[in-house]
Amino acid sequence: MEKFGFFISKGRQINYDSNDRSIAEYIYEREPSFRRCIECGGCSATCTTGSMTKFSLRELHILIKRGENDKVMESLKKCMLCGKCILVCPRGVNTRNIVVLAKQAFQKSAAYAI
Amino acid sequence: MKQEGKQAIWSEYQKEIADDKYFYVRSCIRQNFFPGSEVAFLRILRDVLKKDVYEHPCHTTCSGIGYHSDVVPVETAMTVVARQFALMTEAGYTNYVPSCITSFGLYTEIIETWHHFPEVEEKVRQKLKEATGREFEIPGNLAHASDIIYKFRKEIAAKAKFKLINKNTGEPLKVVDHIGCHYAKMFPSKGVGGAEYPYVLAGMIEEWGGQVIDYPERRHCCGFGFRQYLVQANRGFSVACSKEKFESMKPFKPDMIITNCPGCPMFLDRWQYVINEMEGTRYGQNGEGIPVFTYEEVAGLVLGFDPWDLGLQMHQTDCEPLLDKIGIEYSPEDKYNTTVNSLSEKHSSLINV
Amino acid sequence: MSKHVVVIGGGVAGLEAAGRLSREGLDVSLLEKDSITGGHLNRWFKLFPDRRDSSEVKDYLEGLTHANNVKLFTNVTIEKLNRDKDHFSVLTNDGKELIADAVVVATGFDLFKSSRKEEYGYGIYDNVITSADLEDMFRKGEITAADGTVPKKIGIVHCVGSRDEKAGNLYCSKLCCVTAVKQAIEIREHYPESTLFCFYMDMRMGGAYYEEMYREAQEVWSVNFIRGKVSEASETIDKKVVIKVEDTLAGRPLKMTLDLLILMAGMEMSEGGIKLAGLAGLKTGDNRFFEATDHHFGSNKSNVEGLFYAGTCTSPMNITETISHARAAVSEVVDYLKNS
């Protein structure tokens with residue numbers, strides 16, 4: 001590769017066909033309110049972590065649903081589980097539990113070493 | 001795939017293409033990339049179809065390559081283009097035929113801009129006059145060189161020595177057509193068949209016996225994109241675009257790719273070599289690459305031109321597998337033999353006027 | 001002798017207006033271009049948001065016209081429509097001339113021709129269909145891909161021909177979002193194994209019980225909603241549909257292979273309406289629908305005295321709104337005839 005001075009870029013498209021959505025399925029089963037999210041961003045706006053670091057609970061939901069799991073794992077650690085997000089959610093999504101379940105799913109999955 | 005759906009769209013995107021007396025302007029880069037192609041165009045137009053094609057020795061770059069690489073401002077590009085039009089006007093021609101897709105796109109864009117902003121055109125006329133003393137007319141007909149070959153595809157088929165058919169199986173060759181982005185994406189109405197389902201190359205393929213392959217990434221750019229390639233650090237992006245296309249067309253087992261842009265055949269051809277070097281992947285059959293051609297090369301092959309006169313030895317992905325499939329004879333020992341007679345000696349038609 | 005009203009168009013608005021006018025004691029002729037009345041109801045199977053059979057609404061409307069002795073003329077188009085002094089002369093394609101004291105135009109809408117969105121490949125790719133095609137499948141009770149197999153991954157594209165400058169329509173057709181939700185639920189009911197994706201720009205669920213239906217689609221039927229306009233569709237070697245869309249809420253482009261792609265065709269001014277506007281000198285708006293004299297309190301009134309509009313020939317409406325608008329037109333006609 002060195003002889004060309006560049007590498008073949010990886011696409012940044014979400015490949016829905018090949019992504020692993022087992023984490024999302026794990027959460028859907030145990031916390032059906034996860035399906036009701038309409039991506040309004042209320043949770044992210046009120047989030048302490050989100051105001052101080054690059055963390056968005058809204059985006060995290062999307063990334064879980066699309067199976068962008070590497071990014072989810074990175075992001076999950078930042079949540080302090082304070083639960084303020086639940087208070088503002090207009091769709092009654094148990095947002096805090098989604099973070100808990102996501103961590104659980106990664107721990108249980110052989111594919112992801114946590 | 002329902003062919004009639006495409007035919008309905010094709011019938012909506014028909015453009016006027018002049019039938020003779022062409023002012024032909026070459027591309028900056030094609031003469032290095034695939035030097036036989038423009039020569040083949042002239043031979044087909046002048047020798048085979050007996051058309052009047054004029055080339056002006058003072059023609060320069062249209063500066064589109066600079067414009068699209070962010071180094072030439074559009075006003076400058078316009079004045080350069082105005083000068084080319086002046087050369088056409090002075091030579092007494094009105095049908096302007098660029099060899100390059102980006103030139104075609106730039107000319108279309110500039111003529112359209114002048115149409116909507118006549119004050120810009122006036123300023124350009126003034127600047128050109130001040131700088132060179134020249135005056136110009138806007139071409140009566142602007143067609144890309146591939147439009148011209150498309151227009152005469154039936155005449156070429158009538159004189160064809162070969163068809164795009166696998167001589168061993170009798171089956172039509174599976175052909176991927178790749179259209180340069182600047183052909184119709186900017187102005188769909190200026191391209192034969194429009195932007196979504198361009199017919200300019202598909203029409204040639206059908207007429208010459210091949211079968212057109214419509215694969216998911218058909219509309220994707222080849223990856224040239226000017227600054228992607230020109231800056232070395234961006235080349236990974238460029239090659240990734242080509243790779244995306246190869247991956248997508250692979251299941252269709254294409255026999256060949258045909259293109260109508262200067263950059264596309266270059267990158268679709270060369271990147272196959274690079275991808276193979278980097279990752280060990282080849283996209284054709286039997287561990288080979290997929291041969292990539294310009295439409296002039298394909299027209300030339302169909303008409304029975306010598307493959308080495310067409311410059312096929314300049315391809316990095318070998319063309320011989322395709323020549324064998326069609327049954328075109330060639331002399332392997334002459335492939336790189338530069339002592340064979342030069343083309344200009346063989347073909348007086350290549351000398352202007 | 002009772003006064004004569006000609007109603008043009010035998011869809012929801014025309015049937016309601018004709019039946020009601022007749023009930024008011026007027027002599028009513030209803031002209032319909034097709035061989036049967038009911039308009040778009042004939043093509044739609046179940047209606048949102050209560051999922052009732054469209055034939056129930058059709059039965060109500062046709063019952064109303066039959067009970068009130070509306071004179072029905074089918075397979076009729078208008079060749080001339082003139083106003084002379086205090087009456088109208090309506091000339092039909094079969095050479096009839098009807099003299100009317102008032103006219104109600106209820107020419108309705110046409111579904112956007114989805115092939116005009118070339119990038120979606122409707123009419124080219126085998127497994128790209130429209131919302132109307134899907135209703136045909138519902139009626140047959142069989143939802144299949146082109147090769148007869150059961151589709152598993154199904155995508156629904158919102159706003160096809162609506163809110164789209166490229167399609168020449170800046171307006172929202174209002175009903176496609178809720179249609180998408182309804183159809184997604186119906187497919188899931190039919191095939192519990194299927195996975196549904198709705199690609200939307202905005203979810204516009206502005207009707208009674210629409211939002212609730214959206215919530216039900218998510219929670220009960222696991223329909224996935226992805227915010228982004230599908231930019232192109234293409235076909236794989238095994239005739240599946242590959243779509244490109246930006247998942248705008250993830251901020252990333254997304255690519256997906258589907259077994260079936262359904263286009264939510266929007267509503268456009270009907271061709272018949274455009275022709276009539278030309279014949280009778282009726283004003284149309286930038287959106288090409290008939291332009292009523294006042295948006296707030298004159299939505300049935302045209303620029304020609306004695307000629308009134310009913311229903312979706314003035315803008316996209318659902319059935320409830322169309323029926324209300326037709327009743328309002330009846331009230332305008334009665335007022336007009338009383339005072340003329």
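Whatever comes next refers back to the structure up there.
Note that the structure is predicted; figures quoted are calculated from it, not measured.

A. Fine view of the overall build of chain C. From N to C terminus, chain C includes seven helices and 18 strands. Here chain C has a C-alpha radius of gyration of 21 Å; the compact-globule value for 340 residues is 20 Å, and the two agree. Projecting the C-alpha coordinates of chain C onto the three principal axes gives extents of approximately 65 × 35 × 35 Å. The buried share of chain C, reckoned over its 340 residues, is 58%.

B. Expanded view of the interface of chain A and chain C. Of the residues lining the interface, 19 residues belong to chain A; the matching set on chain C comes to 22 residues. Together chain A and chain C conceal approximately 2,100 Å² of surface at their shared face, both sides included; 43% is due to carbon and sulfur atoms. Linking chain A with chain C are five salt bridges, by the criterion used here. Put simply, C:Arg252 and A:Glu68 hold a salt bridge, and the shortest N to O gap is 2.8 Å. In this structure, the connection of chain A to chain C is made through 16 residue pairs in polar contact (both at pLDDT 80 or more). At the level of elements, β1 (14-15) and α4 (57-66) of chain A are the ones that each hand at least two residues to the side of chain A that touches chain C. For the side of chain A that touches chain C, the element with the most residues is α4(A), which contributes four residues.

C. How the structure looks around the packing of aromatic side chains. Using the criterion set out here, one finds 36 aromatic pairs over all chains in the structure. Pairing B:Phe85 with B:Trp114 gives two aromatic rings, centres 6.4 Å apart and planes at 80 degrees, and the pair type is edge-to-face. Placement of the pair is B:Phe85 in helix α5 (residues 74-91) and B:Trp114 in helix α6 (residues 101-116), with a sequence separation of 29 residues. With respect to burial, B:Phe85 and B:Trp114 carry one shared label: buried. Taken together, a centroid distance of 6.3 Å and an interplanar angle of 45 degrees make the contact between B:Phe85 and B:Phe136 tilted. With B:Phe85 in helix α5 and B:Phe136 in the loop between α7 (118-132) and β4 (141-142), the pair connects residues that are 51 residues apart, well separated along the chain. Using a relative accessible area of 4% as the deciding quantity, one classes B:Phe136 as buried. One aromatic cluster is present, built from ring pairs that chain together A:Phe4, A:Phe6, B:Phe224, B:Phe226, B:Tyr229, B:Phe267, B:Trp271 and B:Tyr273. Its end group placed over the ring of A:Tyr28, A:Arg35 keeps NZ or CZ at 3.7 Å from the ring centre. Here B:Arg153 stacks its cationic end above the ring of B:Tyr150, 4.0 Å away from the centre of that ring.

About the criteria used
Residues numbered from 1 in each chain as written. Chains lettered and ligands numbered in written order. Predicted model: local features only at pLDDT ≥ 70, side-chain atom pairs only at ≥ 80, totals over all residues. Heavy atoms only, no water. Helix = DSSP H or I, 4+ residues; strand = E, 2+ residues; numbered from the N terminus. Rg over C-alpha atoms; globule rule 2.2 N^0.38 Å. Buried < 20%, exposed > 50% of the residue type's maximum accessible area, 1.4 Å probe, protein only. Contact = heavy atoms within 4.5 Å. Buried area = accessible area lost by both parts, 1.4 Å probe. Salt bridge = Lys/Arg side-chain N within 4 Å of Asp/Glu carboxyl O. Polar contact = N/O pair within 3.5 Å; in protein donor to acceptor, adjacent residues only side chain to side chain. Phe/Tyr/Trp six-rings, centres within 6.5 Å; stacked < 30°, edge-to-face > 60°. Lys NZ or Arg CZ within 6 Å of the ring centre and 35° of its normal.

Function cannot be inferred from these measures alone, as they are strictly geometric.
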